[in-house]
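# Secondary and tertiary structure notes
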Amino acid sequence: MDERDVRLLKAIADLGTGSPERLHEETEIPVSTIHYRLNNLREAGVIENELYDLNLDELGLGVTVVIEVLADYSGSHEQLSERLLAVEGVTEAYFTMGETDFVVVARLPDSDDVERLIRAFEDIEEVDRTDSTFVIKSLRDGQRPLESYSLDTLVEMLTVE
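Below: a short report on this structure. Remember, predicted model here, so these are calculated numbers, not experimental data. The numbers attached to residues start from 1 for each chain and follow its sequence in the written order. Totals for whole chains, interfaces and linings use every residue, but because this is a predicted model, local features are given only for residues with pLDDT of at least 70 and side-chain atom pairs only at 80 or more, for both listing and counting. With hydrogens and water set aside, each side-chain value is computed from the structure's full complement of heavy atoms.

Here the term patch refers to residues with relative accessible area over 30% and no salt bridge, with like charges joined within 9 Å and nonpolar side chains (Val, Leu, Ile, Met, Phe, Trp, Tyr) within 5 Å. For the area figures, the Shrake-Rupley method with a 1.4 Å probe applies, and any residue is considered shielded solely by the protein chains shown. By convention in these notes, a salt bridge is any Lys or Arg side-chain nitrogen within 4 Å of a carboxyl oxygen on Asp or Glu. Among the surface-exposed residues, M1, V46, Y149, M157 and L158 lie close enough to one another that they form a single nonpolar patch of about 410 Å² accessible area. Strands here are runs of E lasting at least two residues and helices are runs of H or I lasting at least four, both read from the DSSP assignment and numbered beginning at the N terminus. With respect to the helices and strands, the residue M157 is situated in helix 7 (residues 151–158).

Here we come to the pairing of strand 3 (residues 102–108). Of all the 7 residues making up strand 3, 6 are buried; the element is thus mostly covered by neighbouring parts of the structure. Where strand 1 (residues 63–71) meets strand 3, 7 bridges bridge the pair, whose relative direction is antiparallel. Counterpart to V66 in the pairing with strand 3 is V105. In this structure, strand 2 (residues 90–95) lies alongside strand 3, joined through 5 bridges in antiparallel fashion. Bridge pairing in strand 3 links A93 to V104. Strand pairing requires that DSSP identify at least two bridges connecting the strands. A loop of 6 residues connects strand 2 with strand 3, the two strands running antiparallel in sequence, and G98 in this loop sits at a positive phi of about 110°. Categorising residues by exposure relies on relative accessible area from a 1.4 Å probe, with only protein chains included: less than 20% of the type maximum marks a residue as buried, more than 50% marks it as exposed, and the intermediate range marks it as partly exposed.

If you want it as structure tokens, here you go:
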């Protein structure tokens, strides 16, 4: 990956689009070069898909809850992870070190659904307890992590010379 690739990825994150025309306007890289580089980044697995971002508040999934899950399990964490991920509304889940075994993020329509979600976790035999935190306001949604870096920092960290 070189500086042009990093500039393209940063522009995609900032603009929220992979449109070669919009990327050209932002980066001044020729459109034909953008097509070529995007294809190479797809083939390399750097770009995984071309999904549309959704405004979850407008969609009706405006309640975000972060849940810490403390569990007692003897098997692998993967088996318990599958059961946690099967609960409807779970959008992110992390296996963690420390007192908390898993951190789960859910996007839900209302507080009644939060109760359903917590009950579903507590119905899983290995779950000892949960600790839920309601998000009042999202300050940064991690859908586009490159947005949190300057272009110079990304070029320095990610380019191979």
